[in-house]
Amino acid sequence: MASFLPNPLVLKLSSASPRLWVWSSVFTLQRGNKKKQSFQFKAVYTPGLSLSSPTNKIPSLRKEKYETEPDDISILNERIRRDFGKREATRPVMDSEEADKYIRLVKEQQQKGLQKLKGKNASGGGGDGDGPGAGGFNYKVDPYSLRSGDYVVHKKVGIGRFVGIKFDVSKNSTEPIEYVFIEYADGMAKLPVKQASRMLYRYSLPNETKRPRTLSKLNDTTVWERRKTKGKVAIQKMVVDLMELYLHRLKQKRPPYPKNPAMAEFAAQFPYEPTPDQKQAFIDVERDLTERQTPMDRLICGDVGFGKTEVALRAIFCVVSSGKQAMVLAPTIVLAKQHFDVVSERFSKYPDIKVGLLSRFQTKAEKEEYLDMIKHGHLNIIVGTHSLLGSRVVYNNLGLLVVDEEQRFGVKQKEKIASFKTSVDVLTLSATPIPRTLYLALTGFRDASLITTPPPERVPIKTHLSAFSKEKVISAIKYELDRDGQVFYVLPRIKGLEEAMDFLQQAFPDVDIATAHGQQYSKQLEETMEKFAQGAIKILICTNIVESGLDIQNANTIIVQDVQQFGLAQLYQLRGRVGRADKEAHAYLFYPDKSLLSDQALERLAALEECRELGKGFQLAERDMGIRGFGTIFGEQQTGDVGNVGIDLFFEMLFESLSKVEEHRVMSVPYQSVQIDININPRLPSEYINHLENPMEIVKEAEKAAEKDIWSLMQFTESLRRQYGKEPYSMEILLKKLYARRMAADVGISKIYASGKMVGMKTNMNKKVFKLMTDSMTSDIHRNSLVFDRDQIKAELLLELPREQLLNWIFQCLAELHASLPALIKY
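The rules behind each value
- Counting starts from 1 at the beginning of each chain's written sequence and moves along it residue by residue.
- Given that this is a predicted model, residues contribute local features only at a pLDDT of at least 70 and side-chain atom pairs are listed and counted only at 80 or more, while totals for whole chains, interfaces and linings are drawn from all residues.
- The side-chain figures draw on all heavy atoms in the structure; neither hydrogens nor water molecules are used.
- In this analysis, strands are considered paired if DSSP registers two or more bridges between them.
- Under the DSSP-based scheme used, a helix requires at least four consecutive residues in state H or I and a strand at least two consecutive residues in state E, with every element numbered from the N terminus.
- Here the axes come from fitting lines to C-alpha atoms, over the contacting stretch only for helices, and the angles between their N-to-C directions go from 0 to 180 degrees.
- Each reported salt bridge corresponds to a side-chain nitrogen of Lys or Arg within 4 Å of a carboxyl oxygen of Asp or Glu.
- The rule is simple: take the accessible area with a 1.4 Å probe, protein chains only, and divide by the maximum for that residue type; under 20% is buried, over 50% is exposed, in between is partly exposed.
- A residue's pLDDT is the predictor's confidence in that residue, given on a scale from 0 to 100.
- Throughout, a contact is declared for two residues whenever any of their heavy atoms are within 4.5 Å.
- The labels follow the angle: roughly parallel below 35 degrees, roughly antiparallel above 145, roughly perpendicular from 65 to 115, and oblique for the rest.
- For any helix crossing, the convention is left-handed if the near helix is rotated counterclockwise from the far helix by under a right angle, and right-handed if that rotation is clockwise.

This paragraph deals with the sheet that holds strand 7 (residues 151–154). Across the sheet, 5 strands lie side by side as 10-9-8-7-11; this open sheet has antiparallel pairing. Each edge of the open sheet carries a strand with a single partner, namely strand 10 (187–192) and strand 11 (200–202). With strand direction ignored, the average angle separating the axes of adjacent strands in the sheet is 45°.

Next up, the structure:
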């Protein structure tokens, strides 16, 4: 909590008005050991009131009298805390030229992202933002693909239920034409098919039910317009947040790595002929490291066994041979161990490069030794699980972070990974990237290389989807064992492993069978995996611990029981555990009974059947996003906003917003240059003055906090209220004037004045920024009263207000305008 440290109070006699004292003093609000600067402020004090000692406090003004009813300032403070936070308040300011340069880069990236990731669907021009689907991308639905009962969104009317398509004759014609019939809350609408294909979207909700709360009304579209506006503002906030993170990364500088002649020798050790996609990924990563001055943040998206690891190995060699450390982060100890083996083998010809594995398999002494080696730079490549992100791991000179299967990490680990991106090069490998990662890449905020061409020797995995039967399981295992292969038998939970073991031991009494799951003793798990990798164990009954990265050439059959309990990306990954050699591989996916499956589970199974070919991980991740919902993509907060309009329209609005990003910039003005021409100088009551410790220092500290930023002013006000209770009305007016001036500066308003019933605000904002601000206002009173006129925002009030009421109106109006700031690019 902030502490008030009083300095001596100084009183001067004002020459302008001998009957008034002018207080001039310095007040310091201290947090920790940091002091904020002081400056001059004037407040009027009525003569004849005594300044008592700080201990002479009045019971009616004690802290416990803090007003429980939320007032305008506390409501605003809560919103500032929620929307801005420390990150927003302390973000470094960009100048206009920088902002222009970075916005141009984002737009270029966006086009590259769309073209590369969407191929033929992305148009070449794209970024002008004209009309729906701006940015060369749209999510409209083909009316002929709809089934009766499907929910749809009409861009102008809202959410309805598709009934069907049939011929009908219009009023002005005798020729029958095809119409789309859509049911709304208050009637049936019919649209010509051509018009429908331009205006309709499939309605998908970010949850399993996929049902809207209500259907829209044909005769009253105001509710729909409000929902759409809310979604648009939420999207704009998301775009700005992504963009500012991207800009922050672009501002980080590091010298490019030297092009190492030894790279050719290292690359020659790769025993296969690289595919065209793989070659391009090698080139992309090399350019990122050797030609750019900003840290790399690249996603390598490719199916299991398509050569992503080789891309990472070459990046590691480039960084490590320049004297920096590389970290390889894997979600499971099984995958980490495999990475360690691959890296160790590949770097075995370079005795100066030391590779280490940090895992829970190690003793405490071994761990301590490794931590010391990492700290002093004696380990060049460190492989491990999320323990590598812990505070105890101190890197000597970290240059590269390789993250395998990012979607398997938790939220906290992902945040920690994100924090590395500002200072080190990051390479993310994924077969089915989480949709958030996918869309960051797709919209150009992140570089991506797709490896979709299978290696020549790879053959598609035969996928068999059916209801569970013991006979089918036995037949599948027998076929694999007869050709001297091995089998993965995967269940969703540890609970069913023993039952499966009993059944398989009875069916195959002479075959070596073992179980593997995450709760096993570390050494036991390691030994089991080792034996299975060497071929000693023929059937491995396990949980999805084997989902990522286990590369066993001789295991070419995988059986997944209770398939409905796995996510789509998980199933895709599990299926990829087999078929790593040139043998035909089989994946048997068993469900208990289709009648027991939810719509979501059925949809997931249908998607998996559609994506049977190799190289479909990217498409599958998109399908997964539509099925799995939206909460995990951009955070729970946006889920409601997506639900308002449906996922498809939401994404089209997202691309439209991206293509118009440069139009949504707000230019703040210096706090000191803002004029509020309303003659209002509140007088503080003597009771409150006696209650405060060094009153004028407190008032001056308020001015200083306002000059710094809105976050500091909010913190100051809350500290004041914690220490002295709710302030009297005159002090509230004084604070509101400071808030009004601060908010005006933030939104680019340099002067506020009143003339009769008219309030004017001189501003540098453009009309599009004004529209976005007013669209996001919650109060119809303020929204409807504001008009934009060249360089002014004007409001015609119903009647001329007294000065204090006028200040309250201005405060509330500015608070509404200020609330839209997170949706605007600030410089």
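This paragraph deals with the pattern of salt bridges. Counted according to the given criterion, the structure contains 34 salt bridges. As a salt-bridge pair, lysine 190 and aspartate 168 come within 2.8 Å of each other at their nearest N and O atoms. Note that lysine 190 is positioned in strand 10 and aspartate 168 in strand 8 (residues 158–169), a separation of 22 residues in sequence. Taking the relative accessible area as the measure of exposure, lysine 190 reaches 36% and is therefore partly exposed. When the shortest N-O distance is used, the salt bridge between lysine 279 and glutamate 273 registers 3.6 Å. For lysine 279, a relative accessible area of 40% translates into the label partly exposed. When salt bridges with common partners are traced through the structure, they connect Asp71, Asp72, Arg721, Lys726, Glu727, Glu732 and Lys736 into a single cluster.

Among the 6 residues of strand 24 (residues 586–591), 6 are classified as buried, and the element is accordingly described as predominantly covered. Side chains of strand 24 alternate between two faces, with His586, Tyr588 and Phe590 and Ala587, Leu589 and Tyr591 buried alike. Relative to strand 24, strand 19 (residues 462–467) is paired through 6 bridges, and the arrangement is parallel. Directly across from serine 466, in strand 24, lies its bridge partner phenylalanine 590.

A residue-level look at the protein chain finds 76% of positions with pLDDT of 70 or above and a mean pLDDT of 78. Under a pLDDT of 50 for its full length, residues 1–68 has, in the predicted model, 148 contacts with residues more than four places off or in other chains. This model gives residues 119–137 a pLDDT under 50, and the stretch forms 42 contacts once residues within four places in sequence are excluded.

The next point concerns the pairing of strand 22 (residues 539–542). In strand 22, alternate side chains face the same way, and those of Ile539 and Ile541 on one face and Leu540 and Cys542 on the other are all buried. Both strand 20 (residues 486–490) and strand 22 contribute to a ladder of 4 bridges, which runs parallel. Residue pairing for strand 22: valine 487 is matched across the bridge by isoleucine 539. Judged from the 4 bridges that link them, strand 21 (residues 513–516) and strand 22 form a sheet pairing that is parallel. What sits directly across from alanine 516, in strand 22, is cysteine 542.

With that out of the way, let us pick up unusual backbone geometry. Positive phi outside glycine occurs at aspartate 562, with the angle close to 55°. Within the secondary structure layout, aspartate 562 lies in the loop between strand 23 (555–560) and helix 16 (568–575). You will see that arginine 790, though not glycine, has its phi angle at about 55°, which is positive. Relative to the assigned elements, arginine 790 resides in the loop between strand 29 (786–789) and strand 30 (792–796). The class of arginine 790 is exposed, set by a relative accessible area of 70%.

Here we take up the sheet that holds strand 14 (residues 355–358). Note on sheets: strands pair through backbone hydrogen bonds, and any given pair is parallel or antiparallel. As summarised here, the arrangement of the 7 strands in space is 14-15-13-16-17-12-18, forming an open sheet in which the pairing is parallel. In the strand order of this sheet, the two ends are held by strand 14 and strand 18 (447–451), each with one partner. Direction aside, neighbouring strands of the sheet carry axes that sit 15° apart on average. Sheet strands in contact with helix 10 (residues 364–375) are strand 13 (325–329), strand 14 and strand 15 (381–384), and its direction is about 130° off that of strand 14.

Below, the discussion takes up the packing of helix 13 (residues 470–482) against helix 14 (residues 497–507). Taken N-terminus to C-terminus, the directions of helix 13 and helix 14 make an angle of 60°; their axes are 11 Å apart at the nearest point. Taken together, helix 13 and helix 14 sit at an angle that is classed as oblique. Helix 14 is crossed by helix 13, and the crossing has right-handed handedness. On the side of helix 13, the interface is formed by Lys470, Val473, Ile474 and Ile477, while helix 14 contributes Phe503, Leu504 and Ala507.

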